[in-house]
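Now for the letters of each chain:
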Amino acid sequence: MNDGFQSFGFGMPWEEAYGFSQALRSGSTLYISGQLSHDMDAGFVGEGDFELQVRTTFANIDRVLAAHGARKDRIVETTVYVKDLREHFDDIARLHREYFGDHRPTSTLLGVVDLALPPQLVEIAAVAVLE
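About the criteria used
Residues numbered from 1 in each chain as written. Predicted model: local features only at pLDDT ≥ 70, side-chain atom pairs only at ≥ 80, totals over all residues. Heavy atoms only, no water. Phe/Tyr/Trp six-rings, centres within 6.5 Å; stacked < 30°, edge-to-face > 60°. Buried < 20%, exposed > 50% of the residue type's maximum accessible area, 1.4 Å probe, protein only. Helix = DSSP H or I, 4+ residues; strand = E, 2+ residues; numbered from the N terminus. Contact = heavy atoms within 4.5 Å. Polar contact = N/O pair within 3.5 Å; in protein donor to acceptor, adjacent residues only side chain to side chain.

1. Section: the packing of aromatic side chains
Here is step 1 of the chain: Going through the model one piece at a time under the given rule, you end up with five aromatic pairs.
Here is step 2 of the chain: Look at F8 and F10: their rings are 5.5 Å apart centre to centre, the planes differ by 80°, and that puts the pair in the edge-to-face class.
Here is step 3 of the chain: Residue F10 is classed as buried on the basis of its relative accessible area, which comes to 19%.
Here is step 4 of the chain: With a centroid separation of 6.1 Å and an interplanar angle of 85°, the aromatic rings of F58 and F100 are classed as edge-to-face. Taken together, the residues span a long stretch of sequence, with F58 in helix 2 (residues 50-67) and F100 in helix 3 (residues 85-100) at a distance of 42 residues. Grouping residues by exposure puts F58 and F100 together as buried.
Here is step 5 of the chain: Members of the aromatic cluster, connected to one another through ring pairs, are F58, Y99 and F100.

This is the structure:
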């Protein structure tokens with residue numbers, strides 16, 4: 001029984017291996033799991049390139065939103081995890097601001113020691129309200 005939850009996945013191998021959904025909808029709220037820089041063939045994108053990783057991560061968030069008929073202006077919260085935050089702070093601030101434009105969701109930015117994949121420098125989770 002799923003209690004009215006609707007899960008969404010890209011069909012990536014780690015979804016089954018780790019046992020999670022890319023997103024879970026409950027009513028009008030869409031909870032988006034931490035996204036990272038990968039293509040739709042499960043290949044990592046942008047090793048050593050922080051900006052490319054962030055842009056690809058936001059593109060994956062856009063894919064999740066599009067699958068639910070939504071856009072980024074429906075996001076109400078982001079949680080951003082950055083490896084080597086001191087080194088990448090100005091870039092993540094610029095790229096987050098650029099992605100959202102005049103829309104200002106709440107956001108928490110955390111510096112982390114490591115992320116799931118060795119070349120991964122950023123992961124971004126989000127919450128969106130769809131209706």
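There is more to say after this.
2. Some words on the environment of Q35
Here is step 1 of the chain: Here Q35 is to be found in strand 3 (residues 29-35).
Here is step 2 of the chain: Residue Q35 is classed as buried on the basis of its relative accessible area of 0%.
Here is step 3 of the chain: Here Q35 is in contact with F10, Q22, T57, N60, I61, V64, V122, E123, I124 and A125, once residues within four sequence places are set aside.
Here is step 4 of the chain: A distance of 2.7 Å separates polar atoms of two side chains, one belonging to Q35 and the other to Q22.

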